[in-house]
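If you want the building blocks of each chain, they are given just below.
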Amino acid sequence: MTVYNFAAGPATLPNEVINKIQAELPSLEGSGMSILEISHRSTLFDNIINGAQEDLRDLMAIPDNYEVLFFQGGGTGQFAAVPLNLATDHHRIALLDSGHWADRAAKEAANLGITVDTLATTKADHYQELPVLPAPLATDTYDYLHITTNNTIEGTAYHELPETNGTVLVGDMSSNITAQRYNVSDFGLIFAGVQKNIGPAGVTIVIVRKDLIKEIPHLPSILNYDLFAKKNSMYNTPAVFSIYATGLVLKWIKENGGVDEMQRRNEKKASLLYDYLDHSKLFHNNVKPADRSLTNVPFMTGDEDLDKAAIADMTAHGLMSLKGHRSVGGLRASLYNAMPFDGVQALVNELYTFERAHV
Ligand SMILES: *Cc1c(COP(=O)(O)O)cnc(C)c1O
């Protein structure tokens, strides 16, 4: 039985990448040493981290006036690092509350003594659509506006970015980096834990405009953008294996046509599933169609026991990790870059079989 992994993160990786890791694991490039045991100060690793950075620059068309940095600590680490490094003039940020992860970002910034103005929220609508700015952003008031480009749990995504009126835009792109095309220069900073779409857990990518990086006293070194930029992300031991594996995924994306092709494939996969759900007599997705995510699709029957039965049925057919997040319930299919069209087709087929047996 072919197994398809619909987990939200850590998530499915391309088979070609897993096979390459397996083949290279005992001896990296004929060195007689494993990636698991080489020094981060070695030439071997230098080539890996620089290659990963170059491939990401190439894939996302990252302009030269941006740094690409690799941190540990996940998206959650960046909820602290971003305000500590960027909220240094006004000590005030604006935020659009689009769900669980935006809320976490707001709470972490507030914890650090930053004033957080949540300018719009769709919490009352269970985040089934994106919040929009109620009025043009006040100029020279906020250090930045924080958005979550893709809401992993609620299944929404920004296909058009909010107009910031000159305020720096910060995007948490953890769950759709390289899954759809964004213009990097629309952002002052983008961050993403790689484990949703482009690698195994352990590394968090930060893409930041160079003029926003300042020398700030009293910052923990591990969250310090200036220090990491000066040390090529190797102030201390980086997540060696995770950077290596992420580099392999980025190469795989390049070999498979790049971000535009990923987006085309993701649109095709997502349409197949949304189309089924919109015609189903059993399952439904409640997200406003214009705001629907390409990478995370929550859906449910409206009956918890039936949802559970559906998850068990899918699992028995090799369609794994479809349980929805506890805050939304139901099921959730994550359709990241590495999920093949055939996996989504198999899911839709089995959902339809389940539907016919239960209505
Ligand atoms: C998963 C996720 C996070 C949190 O990432 P961690 O690496 O677990 O800290 C933050 N933002 C978004 C959009 C996510 O999907």
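- The protein has the name Phosphoserine aminotransferase in an unreviewed UniProt entry, where Secundilactobacillus collinoides is given as its organism.

1. A closer look at the site of the ligand
(1) Moving on: In the vicinity of the ligand, the residues found are Gly-74, Gly-75, Thr-76, Phe-79, Trp-101, Thr-148, Asn-150, Thr-152, Asp-172, Ser-174, Gln-195 and Lys-196.
(2) Moving on: At a separation of 2.5 Å, an oxygen atom of the ligand approaches a polar side-chain atom of Thr-76.
(3) Moving on: Side-chain polar atom of Asp-172 to a nitrogen atom of the ligand: 2.6 Å apart, as the coordinates give it.
(4) Moving on: About the coverage of the ligand: the protein hides 87% of its 390 Å² of free accessible area.
(5) Moving on: For the shell around the ligand, the leading source of residues is helix H3 (residues 74–86), giving four residues.

2. Brief notes about a positive patch on the surface
(1) Moving on: Together, Arg-104, Lys-308, Lys-323 and Arg-326 line one region of the surface with positive charge.
(2) Moving on: Assignment of secondary structure puts Arg-326 in the loop between strand S12 (319–320) and strand S13 (331–334).
(3) Moving on: The exposed category is assigned to Arg-326, whose relative accessible area is 73%.

3. Section: the sheet that holds strand S5 (residues 145–148)
(1) Moving on: Here seven strands make up an open sheet; going across it, the order is S2-S10-S9-S8-S5-S3-S4 and the pairing mixed. Sheet topology places strand S2 (66–71) and strand S4 (115–121) at the edges, where each strand pairs with a single neighbour. Strand-to-strand twist in this sheet, taken as the mean axis angle between neighbours without regard to direction, amounts to 20 degrees.
(2) Moving on: Two strands pair when backbone bridges link them, and strand S3 (residues 92–97) and S4 are joined in this way by six bridges, in the parallel orientation. If you follow Ala-94 over to S4, its bridge partner there is Asp-117.
(3) Moving on: Across the face of the sheet, helix H4 (residues 100–111) comes into contact with S3, S4, S5 and strand S8 (169–172) while running at roughly 160 degrees to S3.

4. Comments concerning unusual backbone geometry
(1) Moving on: For the bond running from Gly-9 to Pro-10, omega is -10 degrees, close enough to zero to count as cis.
(2) Moving on: Assignment of secondary structure puts Pro-10 in the loop between strand S1 (4–5) and helix H1 (15–24).
(3) Moving on: With phi around 65 degrees, His-218 is a residue other than glycine that occupies positive phi space.
(4) Moving on: Tracing the backbone shows His-218 in the loop between strand S10 (204–209) and helix H5 (225–230).

5. A closer look at the domain arrangement of the protein
(1) Moving on: Per the domain assignment, the segments of the protein are domain 1 (15–255) and domain 2 (258–358).
(2) Moving on: Using C-alpha coordinates to define each centre, domain 1 is positioned 27 Å away from domain 2.
(3) Moving on: Contact residues are listed per partner, giving 24 residues for domain 1 and 26 residues for domain 2.
(4) Moving on: Together domain 1 and domain 2 conceal approximately 2100 Å² of surface at their shared face, both sides included; 51% is due to carbon and sulfur atoms.

About the criteria used
- Residues numbered from 1 in each chain as written.
- Predicted model: local features only at pLDDT ≥ 70, side-chain atom pairs only at ≥ 80, totals over all residues.
- Heavy atoms only, no water.
- Near = heavy atom within 4 Å.
- Polar contact = N/O pair within 3.5 Å; in protein donor to acceptor, adjacent residues only side chain to side chain.
- Areas by Shrake-Rupley, 256 points an atom, 1.4 Å probe, with all protein chains shown as cover.
- Helix = DSSP H or I, 4+ residues; strand = E, 2+ residues; numbered from the N terminus.
- Patch = residues over 30% accessible without salt bridge, like charges linked within 9 Å, V, L, I, M, F, W, Y side chains within 5 Å.
- Salt bridge = Lys/Arg side-chain N within 4 Å of Asp/Glu carboxyl O.
- Lys, Arg positive; Asp, Glu negative; His and termini not counted.
- Charge placed at Lys NZ, Arg CZ, Asp CG, Glu CD.
- Buried < 20%, exposed > 50% of the residue type's maximum accessible area, 1.4 Å probe, protein only.
- Pairing = 2+ DSSP bridges.
- Axes fitted to C-alpha atoms, helices over the stretch in contact; angles between N-to-C directions.
- Contact = heavy atoms within 4.5 Å.
- Domains from an automatic or database assignment.
- Buried area = accessible area lost by both parts, 1.4 Å probe.

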